[in-house]
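# Inside the fold
Given next are the chains, with one letter for each unit.
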Amino acid sequence: MNQTTHTKADGYSPLTLAFLGDGVYDLLVREALVNRANRPAGELNRQKVAMVNCKAQAQFSELLMPMLSEKELAVYKRGRNAAPKCTPKNGSVADYHSATGLE
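The structure contained in this document is the topic of the report that follows. (Residues numbered from 1 in each chain as written. Predicted model: local features only at pLDDT ≥ 70, side-chain atom pairs only at ≥ 80, totals over all residues. Heavy atoms only, no water.)

## Points about a nonpolar patch on the surface
Together, Phe19, Leu20, Val24 and Leu28 line one region of the surface with nonpolar side chains, adding up to about 460 Å² of accessible area. Using a relative accessible area of 57% as the deciding quantity, one classes leucine 20 as exposed. (Patch = residues over 30% accessible without salt bridge, like charges linked within 9 Å, V, L, I, M, F, W, Y side chains within 5 Å. Areas by Shrake-Rupley, 256 points an atom, 1.4 Å probe, with all protein chains shown as cover. Salt bridge = Lys/Arg side-chain N within 4 Å of Asp/Glu carboxyl O. Buried < 20%, exposed > 50% of the residue type's maximum accessible area, 1.4 Å probe, protein only.)

## A few points about the pattern of salt bridges
If you walk through the whole model with that rule in mind, you get 3 salt bridges. Between aspartate 26 and lysine 48 there is a salt bridge, and its shortest N-O distance comes to 3.4 Å. Residue aspartate 26 is found in helix 1 (residues 14-36), and its partner lysine 48 is found in helix 2 (residues 41-51); the two are separated by 22 residues along the sequence. Each of Asp26, Arg30 and Lys48 takes part in one network of salt bridges that share partners. (Helix = DSSP H or I, 4+ residues; strand = E, 2+ residues; numbered from the N terminus.)

## Regarding the packing of aromatic side chains
Within this structure, the stated rule accounts for 1 aromatic pair. For the ring pair tyrosine 25 and phenylalanine 60, a centre distance of 6.2 Å and an interplane angle of 45 degrees mean the geometry is tilted. In this pair, tyrosine 25 sits in helix 1 while phenylalanine 60 sits in helix 3 (residues 54-64), placing the two residues 35 residues apart along the sequence. (Phe/Tyr/Trp six-rings, centres within 6.5 Å; stacked < 30°, edge-to-face > 60°.)

## Quick word on the nonpolar core
Grouped together as the largest cluster of nonpolar side chains are 6 residues: Tyr25, Val29, Leu33, Leu44, Val52 and Leu102. Here the element with the most residues in this core is helix 1; it accounts for 3 residues. Residue contacts for leucine 44: discarding those within four places in its chain leaves Leu33, Val34, Ala37 and Arg39. (Core = buried A, V, L, I, M, F, W, Y, C linked by side-chain atoms within 4.5 Å. Contact = heavy atoms within 4.5 Å.)

Encoded structure:
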């Protein structure tokens, strides 16, 4: 891609980045689960749901934070500090914000 068609992360809103990141995170978890063992789809989904939720993502973000570069940390904080229009169904508001930053 040339420079005129390539958009950097700074050009996207934090919630747009979270929307995309949510799909990426979900796909990475699915791939990891499938690579671990060939299981029925229902079992894989149960395991995926346990890992792809705001509480689990908030815990993972805490582990990941020390490894982030200054730029990555700034992007995480932009996501964490964004004001989503929805409220979490199965987690605290703090976990939801941390998960949004991770995404």
